There are 4 protein chains.
Amino acid sequence: MSDVKKVVLAYSGGLDTSVILKWLQTTYGCEVVTFTADLGQGEELEPARKKAELLGIKPENIYIEDLRETFVKDFVFPMFRANALYEGFYLLGTSIARPLIAQRQIEIAKATGADAVAHGATGKGNDQVRFELGYYALKPDIKVIAPWREWDLTSRTRLIAFAEEHQIPIAKDKRGEAPFSVDANLLHISAEGKVLEDPWQEAEEYVYSRTVAPEQAPDKPTYVEVEFERGDAVAVDGKRMSPATLLTELNRLGGANGIGRLDLLEGRFVGMKSRGIYETPGGTILYVAHRGIEQITLDRGAMHLKDELMPRYAELIYNGFWFSPERKMLQAAIDQSQGPVTGTVRLKLYKGSVSVVGRKSPNSLYSLEHVTFEEDSVYDQRDAQGFIKLNALRLRLLNRQQS
Amino acid sequence: MSDVKKVVLAYSGGLDTSVILKWLQTTYGCEVVTFTADLGQGEELEPARKKAELLGIKPENIYIEDLRETFVKDFVFPMFRANALYEGFYLLGTSIARPLIAQRQIEIAKATGADAVAHGATGKGNDQVRFELGYYALKPDIKVIAPWREWDLTSRTRLIAFAEEHQIPIAKDKRGEAPFSVDANLLHISAEGKVLEDPWQEAEEYVYSRTVAPEQAPDKPTYVEVEFERGDAVAVDGKRMSPATLLTELNRLGGANGIGRLDLLEGRFVGMKSRGIYETPGGTILYVAHRGIEQITLDRGAMHLKDELMPRYAELIYNGFWFSPERKMLQAAIDQSQGPVTGTVRLKLYKGSVSVVGRKSPNSLYSLEHVTFEEDSVYDQRDAQGFIKLNALRLRLLNRQQS
Amino acid sequence: MSDVKKVVLAYSGGLDTSVILKWLQTTYGCEVVTFTADLGQGEELEPARKKAELLGIKPENIYIEDLRETFVKDFVFPMFRANALYEGFYLLGTSIARPLIAQRQIEIAKATGADAVAHGATGKGNDQVRFELGYYALKPDIKVIAPWREWDLTSRTRLIAFAEEHQIPIAKDKRGEAPFSVDANLLHISAEGKVLEDPWQEAEEYVYSRTVAPEQAPDKPTYVEVEFERGDAVAVDGKRMSPATLLTELNRLGGANGIGRLDLLEGRFVGMKSRGIYETPGGTILYVAHRGIEQITLDRGAMHLKDELMPRYAELIYNGFWFSPERKMLQAAIDQSQGPVTGTVRLKLYKGSVSVVGRKSPNSLYSLEHVTFEEDSVYDQRDAQGFIKLNALRLRLLNRQQS
Amino acid sequence: MSDVKKVVLAYSGGLDTSVILKWLQTTYGCEVVTFTADLGQGEELEPARKKAELLGIKPENIYIEDLRETFVKDFVFPMFRANALYEGFYLLGTSIARPLIAQRQIEIAKATGADAVAHGATGKGNDQVRFELGYYALKPDIKVIAPWREWDLTSRTRLIAFAEEHQIPIAKDKRGEAPFSVDANLLHISAEGKVLEDPWQEAEEYVYSRTVAPEQAPDKPTYVEVEFERGDAVAVDGKRMSPATLLTELNRLGGANGIGRLDLLEGRFVGMKSRGIYETPGGTILYVAHRGIEQITLDRGAMHLKDELMPRYAELIYNGFWFSPERKMLQAAIDQSQGPVTGTVRLKLYKGSVSVVGRKSPNSLYSLEHVTFEEDSVYDQRDAQGFIKLNALRLRLLNRQQS
């Protein structure tokens, strides 16, 4: 069917990617290298190793890695410097993980001399694009295998049949159709499809797994302080933490207070609309906190420019263009602005909402002597007249034009 | 001091603008026309008439108007079509009222043959800019009097003394300093200054007047359905309402559920940062609802362009450029997009948060047959390969460049 | 091979589309409707009719139309209101013609009950995208046939062989390979490929057909006055003309003076770079003239916003998204600005360059009394101090932050 | 009149700034430090020293510096990386020089312990803003003296009278009114005011001083090759040159060929429109050359983002915000893109026009094997179908909505 010799598969250890693994072996007759990463999805990795071995993967071809710190430090944090929201709400939890997986797959392909990579994303979604744009950007001559676009295992029944035929173990709860599809990492967990496909129907409580319902959250607010240095969070309630530890702690706080649930109908890059249920408890806190610290440290000119650039930046990440030159250009602009973004934000978490209630910074641009209602000696109110009159000049000339 | 003959004053009937009224009479020796508008600030207007009469204003020079419907229909709704947020959070409740007041002042100036207008905004804030850019845009030769930038009544003591000297009645609770400064209309109420000047200090509960504390809101969520036609809300829970009635109803719902509180440190147009506490209960619901209906009716290309234009649009309104050609250009683009934005959004209100839980529309772009996880006959998954490969082509060529 | 019953072919009457015509008949066994339009490419249309008849097309299936006025009025002029330049230079001469052709093909498909459309663009270029996005936008269920992506006539030899086999007349000068590929309409003529493929090699003089070489242009400058109304050109040297007549006249003037040649290496939507030689004599004059009239009639705020939106607008047209909602949004913004763009521009044409040397308008925003070096009574220079001080305030606060 | 002790004056040695010098001494009774810089305006600096001495300035208070290399390397080149054009045409020749002068004045103020700075720009123009925003950004507590906004020497007669009264030497040709006002540096020379104030009247030939009239330029074209490294020009016709030397050489070539003349009616930051005649011979070549080298080395995504950011960047420089954080953010984005912008551009200069006729680069993104009309083995034309179909999907869904 092709001349693929060795393929690096993004392998979760679950049924679907196990079927893919076997399908690659049988269809392409090629050697398979499995790559399983801990991005904070909350699953043990060792079972994936066992399963790969069981499916005949040589030990030296099994790559299992904990990438949580890299994920948060080099992908999540840079993105949060931008206050990135896709279509007004979505914190891009799935989108931002794909480039890292793609990057590691390519690195492993280079290390193992593999000539192909494969992933388990379908032909309708955004993830195939994100994976493959990453692959091609990093190794233009790589062969890409997307089994869901190629094979005929297009129903659950056929998939199960293939698994049984090839002695792939099937967990009892995986025999039937899952009620919806899930993706998870340290930043978020998403659910979509099946029972969620009617966008008028509220998602049921059992869809949520990372947050308590706001109604079940504590009756008293929780206050938390997040500390930032140069745009990145470094401490929670005075305790310095590594990036992944910090996000884990914010997830715990957000999850306990019902924070970060989102029901979104969004426009996919491939052209159709889809509905997703997202839980981003720690990320939601981080977003609000970062906005809070920028309020007191970031100049208006920088902030407004960031706000104008943000939708494009978010779109680029959503569409899979993390490795594009334009994403890097925007990142350079954003990072350039973050030098003074240092200080502490105080937040109130309560039954589903998070809000800034205080902020302070050694780099504060807030000048009480300028803003005070009391008399001051630094601001001459008469300057305002000239300011207004020259800002108005063009409008006055325009009026003359219109009449 | 000048040759001002007749001045139209934006007059609330309160102590400050009464002092201004008298100060204009005594300083400029000119005739004063008072203009008092109901924009939903929640105060009776008739006392303002009485007070104006008491201060010697001729009946024909007293203008009192209910502008609530105009305010919502021609200013608030167009702005909400844009999903306008200033610096990520602020729904521009004060900003959007100023152009309407300025416009009516100028219309009255033209009708009464007045050669000047006056307002009660200070020399440090944004409102002076918003008023005066409106004045100049609509009548370039108008004289503008901004007493707070001119006079020497710069302390409360002096102001009270002036009032006493000129027999201006002073309500008992107005003798002392107010703990903070307030602005209100149907869209929002704001508080700033004095006790709020330390941005690290959480605002106390007594600062809030239009919303209950989330902690005091009902323990059960409230569900509400908002219906839109061509981008504007037209009904709540199936009941058609006029714009102002609708916003009033959303205020009631939002207020009762603790929705729409905001503690913001923001960059003023005049250059300094200030801290405001805003309550926009109905507006917050409306913002989320409008985003919700756009999700299902607005094409991705249109939505993303709107998102990119929005920060500029919000900045223009915040800075007072409602009457500028560039605001009108952006409005034309936004309005152009809203044709299909018709349908119903279902929202959950609960203890301070509002979220979309369902949306439906006769113009729905959501296509279950395209997005379904089931097999379909409208989407060929193999198209995705070509889509990705051509999107990747430039990235592949770039890689070659770098190596 | 398929169930296509009737196909509307964009038919030039040339060899390539004649081969396509025959190939559609033989491959799909379907009825062919030919559509031949005069967009100002400078060729007779009647030979196309004869050739279509010769190839067996029924008279009622032969559509021949003069679309020059529509082309200029509804496509070229709206685009020129935007001052659209792709990648800094390209006036989009080919791009802007495609949507009109696609639109007419679909209208004819609807009128004749055809279920498919076909075009003669290759699989590597932008034109296939522009045609097909137009088709799909206007009739989503249309079948699209792109022979160059499907057939095996991939060399000149095979194409000629197919033509001979099917008795398609071959003009003598079409037997060999053309030295480059050409596209022409009233706005421009382009050349690309073959002898032009080395981007370091200057294009030879014989490549150009619509302009004299600057070196051969008259030794004396030509002055021309272009008059605009609401953003569109309406007269040349005082003589009112229809849109197409006017552009024809500007082509004559520009061509005689060597104006509008462009050697461009550009980024195609499909991902690779290509090199084109463009001649846009009248369009180049029109671009400069429109900029000139905007200088004196358009407010700075409007102009700068237009300039910021322009690259996106140009990209949308280049990429084929004329019928997208975002192009329409941008058009609405642009058109909104053009109300006052009325007046006359005086231009100097000389050996390859065109420049504004004068402009006047009944809507002039140029105010001599404001700008004069003499004393004036309308501008108070002291206002500048307040203007500068408040514009500087945030920079001053920033300096304090940095130190 | 004030407590100014020592002021650093931007001093040209001409009559106007000499009058300012004396006026500062007599009005403020303060010590004056003169700062005279060679930015390539083409005047000897030593006469300025003599004149300053004559007017009583102590030798240690006379600063005379050759800033040409700094000007081109740190201001002109970064700006040209952005392809900055203000309002479509203006290469910002005056604007870009002001921040450097302001910066040196502040450095000298710090070195000499001066508490004030002064400049000779009028109260109507942009230069006052550019100077003063620079001053305030770099030293927020500086006192700024703008004599033209303060004094009463508002007519030529009074100015001459003041000069005579204070024994300031007056060159014979400076007695009368100059026919227009001039600003010059290595990048450009500008003329405005007086005889140029009628924007319908073509500027006379005597206004131009740095370029020959196109009609007087050589009858044969000149070809020149400009070489770039990482976005900056480094060599002309194979000869490496320092930045200022290179720009001088391009000025020579451009001037001799009548290149870089511009008659512009532009929108000033202070609100009115003005007309300027600019000559930027070398800059015009550099602009076209930089665009040319970007064509072959810069990815489409990067280039289009640059094009969208450019108008804002140009506006910031025009308005005097060189030292703002948003200009630095945009610069970071632009600079990020320039890594691969290395190679050689071949240009044709002929009687007023400059055009790219060839470009080559070791980082070329132009791939003949992809773009060729011949058969290739790297591009699968069938990919285009999927690419188009998924790009069209949203447009197809939209059509369904509309019908």
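None of the values given here were measured: they were computed from a predicted structure.

A. Just the interface of chain C and chain A, in detail. Each partner contributes residues to the interface: chain C has 26 residues there, and chain A has 26 residues. On the chain C side of the contact with chain A, D383, L390 and Q401 of chain C bury the most area, a combined 25% of that side's loss. Residues E369 of chain C and R400 of chain A are paired through a salt bridge, measuring 3.1 Å at the closest nitrogen-oxygen approach. Our enumeration of links across chain C and chain A arrives at 10 residue pairs in polar contact (both at pLDDT 80 or more). Put simply, the parts of the chain that give the side of chain C that touches chain A at least two residues each are α10 (300–319), α12 (368–371) and α13 (383–402) of chain C. Looking at the side of chain C that touches chain A residue by residue, the class counts come to nine nonpolar, nine polar and eight charged.

B. Fine view of the UniProt feature "domain: Arginosuccinate synthase-like N-terminal" (unreviewed entry) in chain A. Feature annotation in UniProt places "domain: Arginosuccinate synthase-like N-terminal" (unreviewed entry) on residues 6–169 of chain A, given in this structure's numbering. Secondary structure content for residues 6–169 of chain A is 48% helix and 15% strand, while the C-alpha to C-alpha distance between its ends is 24 Å.

C. Representation of the packing of helix α4 (residues 98–112) of chain B against helix α5 (residues 127–138) of chain B. Residue and element names in this part refer to chain B. Contact geometry for α4 and α5: axes closest at 8 Å, N-to-C directions at 40°. As judged from the angle between their axes, α4 and α5 are oblique. For the crossing formed where α4 meets α5, the hand is right-handed. Between α4, through R98, I101, A102, Q103, Q105, I106 and K110, and α5, the contact on the second element is made entirely by D127, R130, F131, G134, Y135 and L138. The class makeup of the residues in the contact of α4 with α5 is six nonpolar, three polar and four charged.

D. Focus on the side chain of K351 of chain C. The topology assignment puts K351 of chain C in the loop between β13 (343–350) and β14 (353–360). A polar contact is formed between the side chain of K351 of chain C and the backbone oxygen of A217 of chain C, at a distance of 3.0 Å. For K351 of chain C, the side chain forms a polar contact with the side chain of D219 of chain C, separated by 2.9 Å. Apart from residues lying up to four places away in sequence, K351 of chain C is in contact with P214, E215, A217, P218, D219 and N257 of chain C together with Y350, K351 and S353 of chain D.

E. A look at the relation of the copies chain B and chain A. Overlaying chain B with chain A gives an RMSD of 0.0 Å, the required rotation being 180° about an axis along which the chain moves by 0.0 Å. Classification of the inter-copy transformation places it as that of a two-fold axis. In this assembly the copies share their binding face: 100% of the residues contributing to the interface of chain B also contribute to that of chain A.

F. Inspection of the pattern of salt bridges at higher detail. Residue and element names in this part refer to chain A. Taken as a whole and assessed by the stated rule, the structure comprises 148 salt bridges over all chains. Taking the shortest distance from any N to any O, the salt bridge between D263 and R275 comes out at 2.8 Å. Of this pair, D263 sits in strand β11 (residues 261–267) while R275 sits in strand β12 (residues 273–279); the two residues are 12 residues apart in sequence, bridging distant segments of the chain. Accessibility assignment for this pair places D263 and R275 in one class, buried. The network of salt bridges with shared partners includes R98, D127, R130 and D183.

G. Layout of helix α2 (residues 46–54) of chain B. Residues and elements named next belong to chain B. Among all positions of α2, only A48, K51 and A52 are buried. Take α2 and look down its axis: the buried residues cluster within an arc of 100°, on one side only. Every exposed residue of α2 that faces more than 90 degrees away from the buried side is listed here: K50 and L54. At its buried positions, α2 is contacted by α1 (15–28), β2 (31–38) and β3 (62–66). The positive-phi residue at the C-terminal boundary of α2 is G56, with phi of around 90°.

H. The packing of helix α3 (residues 68–81) of chain A against helix α9 (residues 281–297) of chain A, seen in detail. Residue and element names in this part refer to chain A. Where α3 contacts α9, the two axes come as close as 10 Å, and the packing angle between them is 45°. Looking at the two axes, α3 sits oblique to α9. Helix-helix and strand crossings are classified by hand; for α3 and α9 the assignment is right-handed. The residues of α9 that touch α3, namely those facing F77, F80 and R81, are G283, L286, Y287, H290 and E294.

I. Inspection of the UniProt feature "binding site: L-aspartate" (unreviewed entry) in chain A at higher detail. Residues and elements named next belong to chain A. According to UniProt, the feature "binding site: L-aspartate" (unreviewed entry) maps to T122, N126 and D127 in the numbering used here. Secondary-structure assignment places N126 in the loop between β4 (116–118) and α5 (127–138). Look past the residues within four positions of N126 in its chain and what remains in contact with it is E266, R268, F269, V270 and Y318. At 2.9 Å, the side chain of N126 forms a polar contact with the backbone nitrogen of F269. With respect to the helices and strands, the residue D127 is situated in helix α5. Not counting chain neighbours up to four residues away, the residues in contact with D127 comprise T94, R98 and A121.

J. Representation of the interface of chain B and chain A. Between chain B and chain A, the contact holds 101 residues from the first and 102 residues from the second. Roughly 9600 Å² of surface becomes buried between chain B and chain A when both sides are summed, with 57% attributable to carbon and sulfur atoms. Area buried by chain B at its contact with chain A is led by W200, K273 and F373 of chain B, which between them contribute 9% of it. There are 10 salt bridges connecting chain B and chain A. One salt bridge in this structure joins R394 of chain B and E326 of chain A, with 2.5 Å as the shortest N-O distance. At the surface where chain B touches chain A, the tally comes to 44 residue pairs in polar contact (both at pLDDT 80 or more). Counting residues per element, the side of chain B that touches chain A draws most heavily on helix α13 (residues 383–402) of chain B, which supplies 12 residues.

K. Quick peek at the domain arrangement of chain A. All names here are of chain A. Each assigned domain of chain A is listed with its residue range as follows: domain 1 (6–69 + 95–177), domain 2 (182–360) and domain 3 (369–402). Counting residues at the interface gives 22 residues for domain 1 and 23 residues for domain 2. The largest per-residue losses of area from domain 1 upon contact with domain 2 belong to E69, I96 and N126, which jointly make up 27% of the total buried on that side. Of the charged contacts, one joins D183 and R98 as a salt bridge, the two residues approaching to 3.2 Å between their closest N and O atoms. Between domain 1 and domain 2 we count nine residue pairs in polar contact (both at pLDDT 80 or more) in total. Mapped onto the side of domain 1 that touches domain 2, the elements with two or more residues apiece are α3, α4 (98–112) and α5. It is α5 that provides the largest number of residues to the side of domain 1 that touches domain 2, a total of seven residues.

L. Representation of the environment of A37 of chain B. All names here are of chain B. Its place among the elements puts A37 in strand β2. Residue classification places A37 among the buried positions, given a relative accessible area of 11%. C-alpha separation for the pair A37 and Q402, spaced 365 residues apart in sequence, amounts to 65 Å. Excluding its chain neighbours within four sequence positions, the residues that come into contact with A37 are L45, E65 and L67.

M. Region of interest: unusual backbone geometry. Although it is not a glycine, E87 of chain A adopts a positive phi angle of roughly 50°. Residue class for E87 of chain A comes out buried when judged on its relative accessible area of 3%. Backbone geometry places Q167 of chain D, a non-glycine residue, at a positive phi of 55°. Residue classification places Q167 of chain D among the exposed positions, given a relative accessible area of 63%.

Rules behind the numbers
- Residues numbered from 1 in each chain as written.
- Chains lettered and ligands numbered in written order.
- Predicted model: local features only at pLDDT ≥ 70, side-chain atom pairs only at ≥ 80, totals over all residues.
- Heavy atoms only, no water.
- Contact = heavy atoms within 4.5 Å.
- Buried area = accessible area lost by both parts, 1.4 Å probe.
- Salt bridge = Lys/Arg side-chain N within 4 Å of Asp/Glu carboxyl O.
- Polar contact = N/O pair within 3.5 Å; in protein donor to acceptor, adjacent residues only side chain to side chain.
- Helix = DSSP H or I, 4+ residues; strand = E, 2+ residues; numbered from the N terminus.
- Nonpolar A, V, L, I, M, F, W, Y, C, P; charged D, E, K, R; others polar.
- UniProt positions renumbered as here; feature names shortened; annotations may be inferred.
- Axes fitted to C-alpha atoms, helices over the stretch in contact; angles between N-to-C directions.
- Parallel < 35°, antiparallel > 145°, perpendicular 65-115°, else oblique.
- Left-handed = near helix turned anticlockwise from the far one by under 90°.
- Least-squares fit on C-alpha atoms with pLDDT ≥ 70 in both.
- Buried < 20%, exposed > 50% of the residue type's maximum accessible area, 1.4 Å probe, protein only.
- Arc of directions from axis to C-beta.
- Domains from an automatic or database assignment.

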